[in-house]
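The residues making up each chain are set out below.
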Amino acid sequence: MARLLLLFLPGLVVTGTVHGIFMDRLASKKLCADDECVYTISLARAQEDYNAPDCRFINFKKGQQIYVYSKLVKENEAGEFWAGSVYSDRQEDEMGTVGYFPRNLVEEQHVYQEATKEVPTTDIDFFCE
């Protein structure tokens, strides 16, 4: 499915055609270290393998390190999910891919900044190419 993507930055408008799909939201709010959710919150280590059920999530193997960028605010009976990217010498094809993963499958190793900014999620947070 092709969609027209408009990106507005101060003094700049970028347009382009993007192929993908907007998936269901996992939460309506997320916790971040900053208002744009671009700074790393923490470094976590995978406690077991995880195979992503769909394109919103990332795959990882036990022992891999994951940079955490946001933590979804748990709603109702939903699971607790964080967003991050895998860092590993073993699986370079997964490096840099940002996606969600269950919080209970990782152990936080180092906290760089506290996730104190509550930010609403947007459709683009759950967009899959």
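Residues numbered from 1 in each chain as written. Predicted model: local features only at pLDDT ≥ 70, side-chain atom pairs only at ≥ 80, totals over all residues. Heavy atoms only, no water.

Chemist: Sorry if this is basic, but what is going on with the overall build of the chain here?
Modeler: When helices and strands are counted, the chain shows zero helices and 11 strands. Counting helices and strands in the order they occur from the N terminus, the chain gives β-β-β-β-β-β-β-β-β-β-β. Across the 129 residues that make up the chain, the buried fraction comes to 36%. Long-range pairs, those at least 24 residues apart, make up 63% of the contacts in the chain between residues at least 6 apart in sequence. Roughly 8000 Å² of accessible area belongs to the chain as shown, and the carbon and sulfur atoms make up 49% of that amount. (Helix = DSSP H or I, 4+ residues; strand = E, 2+ residues; numbered from the N terminus. Buried < 20%, exposed > 50% of the residue type's maximum accessible area, 1.4 Å probe, protein only. Contact = heavy atoms within 4.5 Å. Areas by Shrake-Rupley, 256 points an atom, 1.4 Å probe, with all protein chains shown as cover.)

Chemist: It is not clear to me how the nonpolar core should be interpreted in this structure. Could you clarify?
Modeler: The tendency in soluble globular proteins is for nonpolar side chains to be buried as a group. Among the nonpolar cores identified, the biggest contains 20 residues, and F60, I66, L72, Y100, F101 and V106 are the most heavily contacted of them. Of the residues forming this core, the biggest block, four residues, is contributed by strand β7 (residues 81–87). Those residues in contact with V106 that lie beyond four places of it in its chain are A44, R45, A46, Q47, F60, I66, W82 and F101. (Core = buried A, V, L, I, M, F, W, Y, C linked by side-chain atoms within 4.5 Å.)

Chemist: Explanation requested: unusual backbone geometry in the structure shown.
Modeler: Most peptide bonds take the trans form, and the phi angle of most residues other than glycine is negative. Despite not being glycine, C37 has its phi angle at roughly 60°, a positive value. Tracing the sequence through the fold places C37 in the loop between β4 (29–32) and β5 (42–46). C37 sits in the buried class, given a relative accessible area of 12%.

Chemist: How should the confidence of the model for the chain be read in this particular structure?
Modeler: Residues at a pLDDT of 70 or more form 79% of the chain, whose mean pLDDT is 83. Within the chain, β5 carries the highest mean pLDDT (97), whereas strand β1 (residues 2–9) carries the lowest (45). Predicted confidence for residues 1–9 stays below pLDDT 50, and this span has 22 contacts to residues more than four positions away or in other chains. (pLDDT = per-residue confidence, 0-100.)

Chemist: Teacher, can you tell me more about the packing of aromatic side chains here?
Modeler: The relative placement of two aromatic rings is captured by the distance of their centres and the angle of their planes. Applying the stated rule across the entire model yields six aromatic pairs. Among the aromatic residues, those joined into a cluster by ring pairs are Y50, F60, W82 and F101. Between K71 and the ring centre of W82, over which it is positioned, the NZ or CZ distance is 4.3 Å. (Phe/Tyr/Trp six-rings, centres within 6.5 Å; stacked < 30°, edge-to-face > 60°. Lys NZ or Arg CZ within 6 Å of the ring centre and 35° of its normal.)

Chemist: Is there a simple way to think about the environment of T116 in this case?
Modeler: Note that T116 resides in the loop between β9 (106–111) and β10 (117–120). Between the C-alpha atoms of T116 and C32, which are 84 residues apart in sequence, the distance is 6.1 Å.

Chemist: Even after reading the chapter, I still don't get the state of the cysteines, so can you show me in this structure?
Modeler: Disulfides are covalent bonds that link the sulfur atoms of two cysteine residues. Under the defined criterion, the tally for this structure stands at two disulfides. Residue pairing for C32: its cysteine sulfur links by disulfide to C37, the two sulfurs lying 1.8 Å apart. Disulfide C32-C37: the torsion about the S-S bond is 75°, which places it as right-handed. The two residues C32 and C37 agree in class, both being buried. Each sulfur of the disulfide joining C55 and C128 lies 2.0 Å from the other. Its S-S torsion of approximately 100° makes the covalent link between C55 and C128 right-handed. Placement of the pair is C55 in the loop between β5 and β6 (65–72) and C128 in strand β11 (residues 127–128), with a sequence separation of 73 residues. In the chain, the bonded cysteines, taken in the order they occur along the sequence, pair up as 1-2, 3-4. (Disulfide = S-S within 2.5 Å.)

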